[in-house]
Amino acid sequence: IALIHDWWGITELERRLAHLFAGLGYVVIVPDLFSGRTAVSAREALLLVEALGSGGLACADAALRALENHSRVNLNVAAIGLGLGGGLAFEAAIARPDLEAAIAFYGFPQRVFGRLKDAQAPILAVYGDHDPFISSIDIVRLRAELDESPLAHEVMVLERAGREFLAEPLVANADLPGTRALTQALRFLEQHLSGAPRPPAPLR
């Protein structure tokens, strides 16, 4: 799994999720899009995103290639992203013919509208119904574009949830948005990473 961070940089949330996935047996890499920098305010985060420019997908792509060449990986790889990273997970699903799955937690679909029907990997997109940046109109368009694809895409909208549902403490068997989101994500990974891997994409 390449776990791609949000616009704050690598925070305790990404570390906790990486340990969770690793504890379940996955090999996890967390690419650092911001070269060690983190933000404590939205203004700082925006400046980091602006400095990154169009380089995010190349960084995510490099992380996925590193996984494919790891001695403990069977070439079945997935991109999982949060916010900014969720948008990059969408882009990876469109750009890479050898990706087994992509999961976007509150990722921005607006940047890839018009291209989602061409995704080459199944996508799971998860949002809270009170997300301040993703409107119900965006969700409708996201569903419609993914429905044009023959792949088994899924869109999950969590009731009574905002944007920080993954920051909640995880409680087994509890009906919390974060727990429901991760349960769905783990089921999606199990479904799509268990088959024969697709050949790696040619080097560009």
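Residue positions within a chain follow its written sequence, with the count starting from 1. Reporting in this predicted model follows two pLDDT cut-offs: at least 70 for local features of residues, and 80 or more for side-chain atom pairs to be given and counted; totals over whole chains, interfaces and linings ignore these cut-offs and use all residues. Values reported for side chains reflect all heavy atoms of the structure, with hydrogen atoms and water molecules removed beforehand.

K.L.:
Help me understand the overall build of the protein chain in this model?
P.N.:
Segments assigned H or I by DSSP are reported as helices when at least four residues long, segments assigned E as strands when at least two residues long, and all are numbered from the N terminus. Along the backbone of the protein chain there are six helices and five strands. Along the protein chain, helices (α) and strands (β) appear in the sequence β-α-α-α-β-α-β-β-α-β-α when read from the amino end. At 16 Å, the protein chain has a C-alpha radius of gyration in line with the 17 Å of a compact globule built from 204 residues. For the protein chain, the spread of C-alpha atoms along the principal axes amounts to about 40 × 35 × 35 Å. Buried means the residue's accessible area, taken with a 1.4 Å probe over protein chains only, is under 20% of the maximum for its type, while exposed means over 50%, and partly exposed covers the values in between. By residue count, 50% of the 204 residues in the protein chain fall in the buried class. Sequence-distant contacts, at least 24 apart, represent 68% of the contacts inside the protein chain between residues at least 6 apart. Only the protein chains shown count as covering a residue, and every accessible area follows the Shrake-Rupley method with a 1.4 Å probe. Of the roughly 9600 Å² that the protein chain leaves accessible, carbon and sulfur atoms contribute 57%. Counted charges follow a simple rule, with Lys and Arg positive, Asp and Glu negative, and His plus the chain ends left uncounted. Charge placement uses NZ in Lys and CZ in Arg. For Asp and Glu, CG and CD serve respectively. Each charge class in the protein chain can be summarised by its mean position, and for the 18 positive and 24 negative side chains these summaries are 3 Å apart. We compute the radius of gyration from the C-alpha atoms alone; for a globule the expected value is 2.2 Å times N to the 0.38, where N is the number of residues. Residue contacts are defined here by distance: any two heavy atoms, one from each residue, within 4.5 Å place the two residues in contact.

K.L.:
What is the right way to read the pattern of salt bridges from this model?
P.N.:
Any carboxyl oxygen of Asp or Glu within 4 Å of a side-chain nitrogen of Lys or Arg constitutes a salt bridge here. In this structure the tally under the stated criterion is ten salt bridges. Between aspartate 98 and arginine 96 there is a salt bridge, with its nearest N and O atoms 3.0 Å apart. Classification of aspartate 98 as buried rests on a relative accessible area of 0%. Several salt bridges converge on common partners, so that one network encompasses Asp61, Arg65, Glu68, Arg96 and Asp98.

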